[in-house]
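The chain contents come next:
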Amino acid sequence: MLDVPQIDTLDRILPEEPLLMMGAGPVPIPGPVAAANGIVINHLGGTMARIIGQVKTMARYIFQTETPWIVGVAGPGSAAMEMAVTNLVWADTKVLSVCNGFFSHRLSELARRAGGEIEELHVPDGTSADPGRIEEALARFRPEVMTIVQGETSNTTHNTALPEIARLAHQYDCQIIVDAVCTLSTMPLDMDEWGIDAVITGGQKGLSSIPGVSLVAFSERAWERLSHRPVPMPHWTLDATLATNFWHRASYHYTAPVSGLLALHEAMRLVCEETLPRRFERHRVSSEALQAGIEALGLQLYVKPEARLNSVVGIALPEDIASKSVCTHISERYRVEIAGSFGPPIIRIGQMGEQCRVHNLFRTLHALGSTFNDLRHPVDVPSGMAALENQLQRGQAGIDGV
Ligand SMILES: Cc1ncc(COP(=O)(O)O)c(C=O)c1O
């Protein structure tokens, strides 16, 4: 028999004071979400069926859709991406993948692995996808499916023309899969009105739930396509039609992540309680105030305003500083966690869900400015804090809860 391993208790591993999670996700979770995450119930039966019914109802509001075809997956945002892509793509399906950065490339890779014939449309770093270029590709390549992100978390760009791009996809009879993992409930996304065929989200970002339980909403058109696949779905767990056993018939597909679903229920209930218009406004005001504060420190934002994502703010790094030094110092010294990057020389601060609260903004901006000063790259902390306060005062009139 092997020796019993020596294991530290969690309190010897975790920091004494919890870190403030201001990176690109996971984000802080509200009390009711944390409490729900500590409960285990039967994954089948009347109680769970009622909870799932409410999760679907709330999802329809949050995705702005009347589709019945909401399904969840026990897995990260990437599992929801894989569910959307592999159900709609099979051998030789022509797929146009709009690539703005790391996560949109992942959609392309998933479609390739599903057997699709892929054309990637590369969007220059830090800009939004251009509908003119997309129309040219639609007309020439005639894809059956298009993949695109609403917000590219990796380089903090926003595909602002998404409604027009979705309209073009329809015009060319192409189904459009949209990754809203970092944007859902932080900014408008109108699935039915815009004509989106599949929307993907994770729990740990805009919704302020935990990672590991994700959702996909399919349009009627998408459901029609995936229900008539010429070949069976290669992934049994990610098969959207099998997922309806649990999501529509209160019966067994696999053992559902019960605690995570309860947490997601609570996170979505809080979104509904706040209402989408007020939540969008809270995110806008909070993110714009943070951006103003960062610029007043003397730092530069990575993306120009016309393509800038509000949900995750990218800060261009001065040449003399490495992202790892900033992220390590701000975490160890100020107990604030921010993110480095997958690609460009930036650091990133999240503005999703619970991150968009005044106390979190002040603490984060102060910690950021002090970190640069500590690292001997002087910035103007008082001006930064004043700009944050001024911008918040201006924006806050008329909204609560920032
Ligand atoms: C836009 C986007 N898509 C997909 C993902 C993947 O989500 P996960 O890491 O939960 O698999 C992320 C994660 O950061 C993301 O930001």
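Criteria and cut-off values
Residues numbered from 1 in each chain as written. Predicted model: local features only at pLDDT ≥ 70, side-chain atom pairs only at ≥ 80, totals over all residues. Heavy atoms only, no water. Helix = DSSP H or I, 4+ residues; strand = E, 2+ residues; numbered from the N terminus. Buried < 20%, exposed > 50% of the residue type's maximum accessible area, 1.4 Å probe, protein only. Lys, Arg positive; Asp, Glu negative; His and termini not counted. Charge placed at Lys NZ, Arg CZ, Asp CG, Glu CD. Pairing = 2+ DSSP bridges. Right-handed = clockwise from strand over helix to strand, strands pointing away. Axes fitted to C-alpha atoms, helices over the stretch in contact; angles between N-to-C directions. Contact = heavy atoms within 4.5 Å. Near = heavy atom within 4 Å. Polar contact = N/O pair within 3.5 Å; in protein donor to acceptor, adjacent residues only side chain to side chain. Areas by Shrake-Rupley, 256 points an atom, 1.4 Å probe, with all protein chains shown as cover. Expected span 1.5 Å × (residues − 1). Core = buried A, V, L, I, M, F, W, Y, C linked by side-chain atoms within 4.5 Å. Parallel < 35°, antiparallel > 145°, perpendicular 65-115°, else oblique. Left-handed = near helix turned anticlockwise from the far one by under 90°. Nonpolar A, V, L, I, M, F, W, Y, C, P; charged D, E, K, R; others polar. Disulfide = S-S within 2.5 Å.

(A) Looking closely at the overall build of the chain. When helices and strands are tallied, the chain shows 15 helices and 14 strands. When its C-alpha atoms are laid out on the principal axes, the chain stretches across 60 × 60 × 55 Å. Across the 402 residues in the chain, those meeting the buried criterion constitute 56%. Between the mean site of the 32 positive side-chain charges and the mean site of the 44 negative ones, the chain shows a separation of 2 Å.

(B) Representation of the pairing of strand E3 (residues 94–99) within the structure. With 5 of 6 residues buried, E3 lies mostly within the body of the structure. Two strands pair when backbone bridges link them, and E3 and strand E4 (residues 117–122) are joined in this way by 6 bridges, in the parallel orientation. Looking at E4, one finds that Leu96 is bridged to Glu119. Crossover handedness for the path E3 to helix H5 (residues 102–113) to E4: right-handed.

(C) Summary view of the sheet that holds strand E9 (residues 198–201). One open sheet accounts for 7 strands, arranged E2-E10-E9-E8-E5-E3-E4; its pairing is mixed. This sheet does not close on itself; its edge strands, each paired only once, are strand E2 (70–74) and E4. Strand-to-strand twist of the sheet, defined as the mean angle between neighbouring strand axes without regard to direction, takes the value 20°. Packed onto the sheet, helix H9 (residues 220–227) meets strand E5 (145–149), strand E8 (175–179) and strand E10 (213–218) and runs at close to 95° relative to E10.

(D) Region of the structure containing the site of the ligand. Contacts to the ligand come from Pro76, Gly77, Ser78, Met81, Phe103, Arg106, Gly151, Thr153, Asp179, Val181, Gln204 and Lys205. Note that an oxygen atom of the ligand is positioned 2.4 Å from one of the side-chain N or O atoms of Lys205. Relative to its unbound accessible area of 390 Å², the ligand is 87% covered by the protein chains. Among the elements of the structure, helix H4 (77–88) and H5 are those that each provide at least two residues to the shell around the ligand. Of all the elements, H4 adds the most residues to the shell around the ligand, at 3 residues.

(E) Just the side chain of Gln175, in detail. As for its position among the elements, Gln175 is in strand E8. A polar contact of 3.2 Å, which involves the side chain of Gln175, links it to the backbone oxygen of Arg221. Among residues more than four places away in sequence, those in contact with Gln175 are Leu88, Glu144, Val145, Met146, Asp197, Arg221, Ala222 and Arg225.

(F) Here's a closer look at helix H3 (residues 46–63). The end-to-end C-alpha distance of H3 is 25 Å, a good match for the 26 Å that 18 residues give at a rise of 1.5 Å each. Remark: Gln64 follows H3 within two positions and exhibits a positive phi of approximately 55°.

(G) Broad picture of the nonpolar core. Core analysis: the largest hydrophobic core is formed by 83 residues, its most contacted members being Phe63, Ile134, Met146, Ile176, Leu189, Phe218 and Trp247. The element best represented in this core is H3, accounting for 8 residues. Beyond its immediate chain neighbours, meaning those up to four positions away, Phe218 contacts Thr67, Trp69, Val71, Met83, Ala84, Leu88, Met191, Asp197, Ala198, Trp223, Leu226 and Ala240.

(H) Structural view of the sheet that holds strand E11 (residues 300–301). In spatial order, the strands read E11-E12-E14; together these 3 strands make up an open sheet with antiparallel pairing. Only two strands of the sheet have a single partner each, and these edge strands are E11 and strand E14 (346–350). Here 5 bridges tie strand E12 (residues 312–316) to E14, and the two strands are oriented antiparallel to one another. Paired with Gly314 across the two strands is Arg348, which belongs to E14.

(I) Representation of the packing of helix H14 (residues 358–374) against helix H15 (residues 381–396). Relative orientation of the contacting elements H14 and H15 amounts to 160°, with a least axis distance of 9 Å. As far as their axial angle goes, H15 and H14 are roughly antiparallel. Judged by the twist between their axes, the crossing of H14 over H15 is right-handed. Within the contact between the two elements, H14 uses Val358, Leu361, Phe362, Leu365, His366, Gly369, Ser370 and Asn373 and H15 uses Val381, Gly384, Met385, Leu388, Glu389, Leu392 and Gln396. Among the residues forming the contact of H14 with H15, the class breakdown is 8 nonpolar, 6 polar and 1 charged.

(J) Spatial organisation of the state of the cysteines. Enumeration according to the criterion identifies 0 disulfides in this entry. With no disulfide of its own, Cys174 lies closest to Cys99 among cysteine sulfurs, the gap being 14 Å.

(K) Here's a closer look at the side chain of Gln355. With respect to the helices and strands, Gln355 occurs in the loop between E14 and H14. The exposure class of Gln355 is buried, given its relative accessible area of 0%. Residues in contact with Gln355, not counting those within four places in the same chain, are Met21, Met22, Gly23, Val27, Pro28, Gly350, Asn360 and Leu361.

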